[in-house]
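Structure assessment
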Amino acid sequence: MYIAQEESFGPVMVISKFKNGDVDGVLRRANTTEYGLASGVFTKDISKALYISEKLEAGTVFINTYNKTDVAAPFGGFKQSGFGKDLGKLFPPSLISHLTVQIKEKTT
């Protein structure tokens, strides 16, 4: 699917179905794109969300929210979505990579 492979800027969200339990298949699909700026995971299972966020090749992973960022957090992507991180440590990208995970807390 073209839209799922491109780096779109604007109010665009791709939602894809997957077979129950096929987390590794979803990760393969998500990581085959040449871009990796940000991604989002929506689930009730926080352990699964953290597992997925660790395996996704994206600079920022949002869990149960999207585009809610902390301005002090390192920002930047992986692959063709940028080199290095704004507000990150001053190391060459080949030596270190940052992942920012934003989690929406459950409100009661």
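Now for a quick tour of the structure.

Cut-off values and rules
- Residues numbered from 1 in each chain as written.
- Predicted model: local features only at pLDDT ≥ 70, side-chain atom pairs only at ≥ 80, totals over all residues.
- Heavy atoms only, no water.
- Pairing = 2+ DSSP bridges.
- Helix = DSSP H or I, 4+ residues; strand = E, 2+ residues; numbered from the N terminus.
- Axes fitted to C-alpha atoms, helices over the stretch in contact; angles between N-to-C directions.
- Contact = heavy atoms within 4.5 Å.
- Left-handed = near helix turned anticlockwise from the far one by under 90°.
- Nonpolar A, V, L, I, M, F, W, Y, C, P; charged D, E, K, R; others polar.
- Buried < 20%, exposed > 50% of the residue type's maximum accessible area, 1.4 Å probe, protein only.
- Right-handed = clockwise from strand over helix to strand, strands pointing away.

As a further point, take the sheet that holds strand β2 (residues 38-41). Strand pairs in the sheet, formed through backbone hydrogen bonds, run parallel or antiparallel to each other. If you walk across this open sheet you meet the three strands as β2-β3-β5, and the pairing is parallel. For this open sheet the edge positions go to β2 and β5 (100-103), each flanked by a neighbour on one side alone. Going across the sheet, the axis of each strand differs from the next one's by a mean of 20 degrees, ignoring polarity. In the sheet, strand β3 (residues 60-63) pairs with β5 via four bridges, with the strands oriented parallel. The partner of Ile 63 across the bridge, within β5, is Ile 103. Seen against the sheet, helix α3 (residues 46-55) touches β2, β3 and β5 and runs at an angle of roughly 170 degrees to β3.

Attention now moves to the side chain of Ser 39. Mapped onto the elements, Ser 39 comes out in strand β2. Leave out the neighbours within four places in its chain, and Ser 39 touches Leu 56, Ala 58, Thr 60, Val 61, Phe 62 and Tyr 66.

Turning to the packing of helix α2 (residues 23-31) against α3, a few remarks are in order. Interhelical geometry of α2 versus α3 gives an angle of 35 degrees and a closest axis separation of 10 Å. Where α2 crosses over α3, the two elements pack in a sense that is right-handed. Contacts between α2 and α3 involve Val 23, Asp 24, Leu 27 and Asn 31 from the first element and Lys 48, Tyr 51, Ile 52 and Lys 55 from the second. For the contact of α2 with α3, the residue count by class is four nonpolar, one polar and three charged.

The subject of this paragraph is the pairing of β3. Here β3 shows a buried face lined by Thr 60 and Phe 62 and a second buried face lined by Val 61 and Ile 63. Bridging between β2 and β3 involves four bridges; their strand directions are parallel. The residue of β3 that forms the bridge with Gly 40 is Phe 62. Regarding the hand of the β-α-β motif, the stretch spanning β2, α3 and β3 is right-handed.

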